[in-house]
Amino acid sequence: MEKILNYINGELVEPKNGKYLDNFNPSTGKPYSLIPDSGKEDIDLAVEAAKEAFITWSKTPKQNRSDILMKLADTIEKHFDELVKAESKDNGKPETLAAHVDIPRAPANIRFFAGAILHNSSQMHEMDGAAINYTLRQPVGVAACISPWNLPLYLLTWKIAPAIAAGNTVVAKPSEVTPMTAYLFSKICIEAGLPKGVLNIVHGLGSRTGDPLTTHPDTPIVSFTGGTVTGKHIASVTSPMFKKLSLELGGKNPNIVFSDADFDKAVSFASRAAFTNQGQICLCGSRLFIQEEIYERFRDALVAKASKLIVGDPSEASTNLGAVVSKEHMEKILNKIDLAKVLGGKIILGGDRKILDGNLKDGYYIQPTIIEGLPFDCEVNQEEIFGPVVSIIPFKTEEEVIEMANSTKYGLSASIFTENLSRGHRVAAAIESGVVWINTWLLRDLRIPFGGMKESGLGREGGFKSLEFFTESKNVCVKI
Ligand code: NAD
C-alpha cells in the first residue's frame, strides 16, 4: 500500500515514531493507503523548519514570493488529472465535481493571493500638516493551518496561499480522513521549487498532531476550518496564548423560497444546495423554507428533481452523488435520519443507505433524502447533519421565516429566492449569517470577506481580509 509521507523542511519524511493509520477509499470501503500517525516530535521539527525559513521568506521581495506562488499554481494544473482522481478516491465525491470545483479552485486560490500581495495597500491618516500616521502590515511568523475533509485541497490552499503570500511560513495539518491531495501537493511544492521550510505538511489525528500544532508556543497564528466542537476546543487552548485565531466552522443554512420566486430556478438551486458533494459543504442549504402558497407544488417538483439524481460510482461521468466520506460519518447521517422519523418527520425521498454492485458494495452511499413535517426547532433542524439530507418547512410570512431561519446557533450562510427586490434586501439584512445569497447559491467571489456569525466562526477570510489576518498591523506616527 502506498505510504503517505510528511513534508518537512522541503523533504518527504516518515513520522518519527514510524506509525501509520489506514486511509480508506469511501467508494469501496477498503483501505488503500497509509497515513502518518504523527506526533509532537514531528510538529516540533516542522515548526523549527518553518521558523528557520521565516527569516529569509519574510524578507523575500513580494514580487519573488508572487512568482513562486504562480509557479506553484501552474504546477498544480500540470497534475490536474492525477489530483482529480486522488480527491475523488480519498473523499468519495464524483470525479466530475472534483474536476469542476475542488481542483480548479486550488490554483485559483494561489493565483488570487499571488496577485493580491502585489496590489495590497495600507492606510494613512494625515493630521492637519502636523503628523502622518500610517499602518504597516508585517508577516507574523509560523502559521498553523488546519483543514477539514470535505473540500480537502481547496480549503488547504485557501489558508496556505494568503499565509505564504503575506510572508509567513506554514505548518499545515490536513484532515486525516482525506490526506492524499495534500500529499500530492507537497510533491508539487518540491517540483515547483518552493524554498524549503516555507510550507510543511504534517499528517495525523486531531488529538495527536493537531493539538501540539495549535498549542505550540512558536505558532502565533492559527487558522482552522472544521466542526464547531473542534473550533471551541481550539479557541479554548489558543486564547490564553493570545494567538491570532480564525475559525471557519459548521452551518445549518436556511434556503428561503418566497412564493414569487422564479420557480424552476429555485427548485434547481434547492436541489444543488442540498445534495452537492453529498451535502458535505459547510454552505449547503439543509433547511429549506417554502412559502405556503407554493409549498406542495415546490415539494413535489423538488422530489421529482432529486429522484433523478444518480448515486453511483464516483468515476462515472453520469454520477451526481458519490459516497460520503467515512463509515462513521455515514452512520452518523443515518442515525439523524432515524431520529427525524422518531420526531415525527416523514421521509418523502430516500432515507437509506444505497448498496451498489461489485467492488462498490461496501462503499458509503446514501440516497438523497428529503424530510417534511418536522418542527423548525427540533434537533434535526437545529444541528448540522452534513449529509445528503434536507428538511422542508412551510412558512406564512416574512417575519415568521426570519425568526425560524435565525433560530439555530449557527450563522454561516443563507439563500433567499424572491423576485421582489426590496424583500430580498430586507430579508438579507435580517438574516444572521456571514454570507447571504439572493437568487443563487455558492457563488463565490474570492475578494469578499467570508466567514460565519454566532457559532459558525470567528473572523473573516477572503480577499484582503485574509492578508490582514495573516499580518500584524503596526501604526507609525511621524511628526512633521
Ligand atoms: P473536524 O473539526 O472534525 O476536523 C477538522 C480538522 O481539525 C481536521 O484536520 C482534524 O484532524 C483537526 N482536529 C481535530 N481535533 C483537533 C484538535 N484537538 N486540535 C487541532 N486540530 C484538530 O471537522 P471535519 O469533520 O473534518 O469537517 C467537517 C466540518 O467542517 C463541518 O462542521 C463543516 O461545516 C465544517 N466546515 C466549515 C467550513 C467553513 O468555511 N465554515 C468549510 C468546510 C467545512
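Residues numbered from 1 in each chain as written. Predicted model: local features only at pLDDT ≥ 70, side-chain atom pairs only at ≥ 80, totals over all residues. Heavy atoms only, no water.

K.L.:
Explain the domain arrangement of the protein to me, please; I cannot follow it from the model alone.
P.N.:
A common measure of how large an interface is: the accessible area buried when the components associate. Each domain of the protein was delimited in the assignment, giving domain 1 (2–248) and domain 2 (254–447). Measuring from the centre of the C-alpha atoms in domain 1 to the corresponding centre in domain 2 gives 30 Å. Across the boundary between the two partners, domain 1 contributes 25 residues, which contact 28 residues of domain 2. Of the roughly 2,100 Å² buried at the junction of domain 1 and domain 2 (both faces included), carbon and sulfur atoms supply 61%. Inspection of the domain 1/domain 2 interface yields one salt bridge. Lys30 is the partner of Asp362 in a salt bridge, and the nearest nitrogen-oxygen pair spans 3.0 Å. Sorting the residues of the side of domain 1 that touches domain 2 by element identifies helix 3 (80–91) and helix 4 (95–119) as the ones contributing at least two each. (Domains from an automatic or database assignment. Contact = heavy atoms within 4.5 Å. Buried area = accessible area lost by both parts, 1.4 Å probe. Salt bridge = Lys/Arg side-chain N within 4 Å of Asp/Glu carboxyl O. Helix = DSSP H or I, 4+ residues; strand = E, 2+ residues; numbered from the N terminus.)

K.L.:
Sorry if this is basic, but what is going on with the packing of aromatic side chains here?
P.N.:
Centre-to-centre distance and the angle between the planes together describe a pair of aromatic rings. Counted by the stated rule, this structure contains seven aromatic pairs. Look at Phe263 and Phe298: their rings are 5.4 Å apart centre to centre, the planes differ by 75 degrees, and that puts the pair in the edge-to-face class. Here Phe298 lies in helix 10 (residues 295–306) and Phe263 lies in helix 9 (residues 263–275), a separation of 35 residues in the sequence. Assigned by exposure class, Phe263 and Phe298 land together as buried. Between Phe469 and Phe470, the aromatic rings sit 4.9 Å apart at their centres with planes inclined by 75 degrees, giving edge-to-face as the arrangement. Accessibility expressed as a relative area gives 0% for Phe470, which makes it buried. Clustering of aromatic rings is evident, with ring pairs tying together Phe112, Phe113 and Trp158. A cation over an aromatic ring shows up here: Arg297 above the ring of Phe263, its NZ or CZ 3.9 Å from the ring centre. (Phe/Tyr/Trp six-rings, centres within 6.5 Å; stacked < 30°, edge-to-face > 60°. Buried < 20%, exposed > 50% of the residue type's maximum accessible area, 1.4 Å probe, protein only. Lys NZ or Arg CZ within 6 Å of the ring centre and 35° of its normal.)

K.L.:
Can you walk me through the site of the ligand in this structure?
P.N.:
Taken together, 28 residues lie around the ligand, and Lys173, Glu176, Thr230, Leu249 and Glu384 are the ones closest in. Between the ligand and the protein, one listed contact pairs an oxygen atom with a backbone N or O atom of Gly226 at 3.3 Å. Between Gly227 and the ligand, the recorded distance is 2.9 Å, taken from a backbone N or O atom to an oxygen atom. Relative to its free-state accessible area of 850 Å², the ligand is covered by the protein chains to the extent of 88%. If you map the ligand onto the pockets, it falls in the largest pocket. Counted by class, the shell around the ligand contains 12 nonpolar, 11 polar and five charged residues. Among the domains, domain 1 (2–248) and domain 2 (254–447) are the pair contributing at least three residues each to the shell around the ligand. (Near = heavy atom within 4 Å. Polar contact = N/O pair within 3.5 Å; in protein donor to acceptor, adjacent residues only side chain to side chain. Areas by Shrake-Rupley, 256 points an atom, 1.4 Å probe, with all protein chains shown as cover. 1 Å grid on protein atoms, 1.4 Å probe; cavity = no way out; pocket = protein on both sides within 12 Å on 5 of 7 lines; lining within 4 Å. Sits in = over half its atoms within 2 Å of the grid points. Nonpolar A, V, L, I, M, F, W, Y, C, P; charged D, E, K, R; others polar.)

K.L.:
Would you mind going over the pairing of strand 6 (residues 124–127) with me for this structure?
P.N.:
Across a regular strand the side chains alternate sides, sitting on one face of the sheet and then on the other. Two elements, strand 6 and strand 7 (residues 131–139), share four bridges in a ladder whose sense is antiparallel. Across the sheet, the residue bridging to His125 is Asn133, located in strand 7. Linking strand 6 to strand 7, which pair antiparallel, is a turn of three residues; within it Asp128 sits at a positive phi near 45 degrees. (Pairing = 2+ DSSP bridges.)

K.L.:
Got a minute to help me understand the packing of helix 1 (residues 40–57) against helix 7 (residues 206–214) in this structure?
P.N.:
A packed helix pair is summarised by two numbers, namely the angle formed by the two axes and the spacing between the axes. Closest axis-to-axis distance for the helix 1/helix 7 pair is 8 Å, and the angle between their directions is 40 degrees. Between helix 1 and helix 7, the angle is such that the two are oblique. Helix-helix and strand crossings are classified by hand; for helix 1 and helix 7 the assignment is right-handed. Within the contact between the two elements, helix 1 uses Lys40, Ile43 and Val47 and helix 7 uses Arg208, Thr209, Pro212 and Leu213. (Axes fitted to C-alpha atoms, helices over the stretch in contact; angles between N-to-C directions. Parallel < 35°, antiparallel > 145°, perpendicular 65-115°, else oblique. Left-handed = near helix turned anticlockwise from the far one by under 90°.)

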